[in-house]
Amino acid sequence: MTAADTIRRRAMAAGLIAIGLWGMLAALSVLAGPIPPFQMVAMTFAVGATIGIVRALMRGVGWAGLVGWPGRVWLLGIGGLFGYHALYFAALQLAPPAEANLVNYLWPLLIVLLAAPLAGEKLGWSHLLGALLGFAGVALLAFGRGIHFAGDHMLGYALALGCALTWSLYSVLSRRFGETPTDAIAAFCAASALLSLACHFVFESTVWPATPTAWLAVLALGCGPAGTAFYFWDHAVKRGDIRALGALSYATPILSTAILIACGLAEPTGTLLIAALLVTIGAVLASRELWKR
């Protein structure tokens, strides 16, 4: 195995860790309680930024090494992290959550489709079919809950599509800035936390976690799916197979539902098993080149 193969495999492992952490998002959010969304982002991103800053300082990276990035790097990082979440919360306000989430989960498919024109990756049939099977699994899971699209929520659906486009562009374009170290994510999280705090003061009323368990859930969110996961994802999209990562990302809603069931927060269904099977087949197809190696 060559050095390049080792780097790519480690990057794919980082991507899988990020996907696994995102699978915990729903369960931890339920445990955290009814905290306003922008307040939640401000709190959790602050935790994520702190982790990155401490990690960088312990490695001898000075403050200049955390913030000294070109303007286009700042634009991509803040646009991806803050822009995605701002659009997502707006979509949830203007469309039913289940339908908005399904549209939002076009982002893994868009990552695969955009990998060729924006990241210079060769797109094969296995990548495209794998991503389509993944989306089919997520769509089956969503329609199994009885969702339907209504014309009076078109603006919400459009914002959800904006979410998908924002995160897919952020993920694919990050590859063009591969020389930017992952330490930069700490600065992006900090800036996004401040922007979210400003939005919270403008649009929301403060609601603090009601119990010690809720506080621990908020801390866990910042240490995991709404913080540390961004560092793993940044390394993955810059060094790994971004086409396979796109298809593998469809495991997120499946894992999320499975964890909710394991925590007693949702009921198991046969639809989940079929959806999981479709996502698994799609992931294996999309990453077949890695399996060959």
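Scoring rules and cut-offs
- Residues numbered from 1 in each chain as written.
- Predicted model: local features only at pLDDT ≥ 70, side-chain atom pairs only at ≥ 80, totals over all residues.
- Heavy atoms only, no water.
- Helix = DSSP H or I, 4+ residues; strand = E, 2+ residues; numbered from the N terminus.
- Rg over C-alpha atoms; globule rule 2.2 N^0.38 Å.
- Buried < 20%, exposed > 50% of the residue type's maximum accessible area, 1.4 Å probe, protein only.
- Contact = heavy atoms within 4.5 Å.
- Areas by Shrake-Rupley, 256 points an atom, 1.4 Å probe, with all protein chains shown as cover.
- Lys, Arg positive; Asp, Glu negative; His and termini not counted.
- Charge placed at Lys NZ, Arg CZ, Asp CG, Glu CD.
- Patch = residues over 30% accessible without salt bridge, like charges linked within 9 Å, V, L, I, M, F, W, Y side chains within 5 Å.
- Salt bridge = Lys/Arg side-chain N within 4 Å of Asp/Glu carboxyl O.
- 1 Å grid on protein atoms, 1.4 Å probe; cavity = no way out; pocket = protein on both sides within 12 Å on 5 of 7 lines; lining within 4 Å.
- Points joined across faces, edges and corners; volume = space filled by probe spheres on them.
- Nonpolar A, V, L, I, M, F, W, Y, C, P; charged D, E, K, R; others polar.
- Arc of directions from axis to C-beta.
- Polar contact = N/O pair within 3.5 Å; in protein donor to acceptor, adjacent residues only side chain to side chain.
- Core = buried A, V, L, I, M, F, W, Y, C linked by side-chain atoms within 4.5 Å.

Turning our eyes to something else, we now look at the overall build of the protein chain. When helices and strands are tallied, the protein chain shows 16 helices and 0 strands. The globule rule puts the C-alpha radius of gyration for 293 residues at 19 Å, and the 19 Å found for the protein chain is close to it. When the backbone C-alpha atoms are referred to their principal axes, the protein chain occupies close to 45 × 45 × 35 Å. Counting over 293 residues, the protein chain shows a buried share of 51%. Of all intrachain contacts in the protein chain linking residues separated by at least 6 positions in sequence, the fraction that spans at least 24 positions is 89%. Total accessible area computed for the protein chain in this model is approximately 13200 Å², and 72% of it derives from carbon and sulfur atoms. The positive charge centre, built from 16 side chains, and the negative charge centre, built from 11, are 12 Å apart in the protein chain.

Okay, a nonpolar patch on the surface next. Together, Leu113, Leu123, Leu128 and Leu132 line one region of the surface with nonpolar side chains, adding up to about 280 Å² of accessible area. Within the secondary structure layout, Leu123 lies in the loop between α7 (107-119) and α8 (125-143).

Enumeration over the complete set of coordinates arrives at 4 salt bridges. Here Asp183 makes a salt bridge to Arg55, at a shortest N to O gap of 3.0 Å. Taken together, the positions of Asp183 in the loop between α9 (154-173) and α10 (184-203) and Arg55 in helix α3 (residues 37-58) put the pair 128 residues apart, joining distant regions of the chain. When its relative accessible area of 42% is taken as the criterion, Arg55 is described as partly exposed. It is possible to trace a salt-bridge network through shared partners that takes in Arg55, Arg59 and Asp183.

When its volume is computed, the largest pocket comes out at roughly 1300 Å³. Lining of the largest pocket is provided by 41 residues; of these, Leu25, Ala26, Ser29, Tyr88 and Asn101 occupy positions nearest its centre. Of all the secondary structure elements, the ones that give two or more residues to the lining of the largest pocket are α2 (25-32), α3, α5 (71-94), α6 (97-104), α8 and α14 (251-262). The element contributing the most residues to the lining of the largest pocket is α5, with 6 residues. Along the lines of polarity and charge, the residues of the lining of the largest pocket split into 30 nonpolar, 10 polar and 1 charged.

Considered for burial, the residues of α2 that qualify are Ala27, Leu28 and Ala32. Buried positions in α2, seen along its axis, are confined to an arc of 140° and lie on one side of it. Contacts made by the buried residues of α2 are with α3, α11 (212-223) and α14. Gly33, located one to two residues past α2, shows a positive phi value of around 90°.

Glancing now at the side chain of Thr257. For Thr257, the position within the fold is in helix α14. Here Pro253 takes part through its backbone oxygen, which lies 2.9 Å from a polar atom of the side chain of Thr257.

By the definition in use, this model includes 1 cavity of 30 Å³ or more. Approximately 70 Å³ is the volume found for the largest cavity. As for the largest cavity, its lining consists of Val73, Leu76, Gly77, Tyr170, Ser174, Phe177, Thr180, Ala184, Ile185, Phe188, Asp234 and Lys238. By residue class, the composition of the lining of the largest cavity is 7 nonpolar, 3 polar and 2 charged.

Attention shifts here to the nonpolar core. Core analysis: the largest hydrophobic core is formed by 74 residues, its most contacted members being Trp22, Leu81, Trp107, Trp167, Phe230 and Trp233. Considering every element that reaches this core, the biggest residue donor is α10, with 8 residues. When near neighbours in sequence (up to four residues on either side) are disregarded, Trp233 contacts Gly15, Ala18, Ile19, Trp22, Trp107, Ile111, Trp167, Ser171, Leu245 and Ser249. If you look at the next biggest cluster of nonpolar residues, it comprises 7 residues, including Ala91, Val103, Tyr157 and Ala160.

Taken by themselves, the reported measurements are silent on function.
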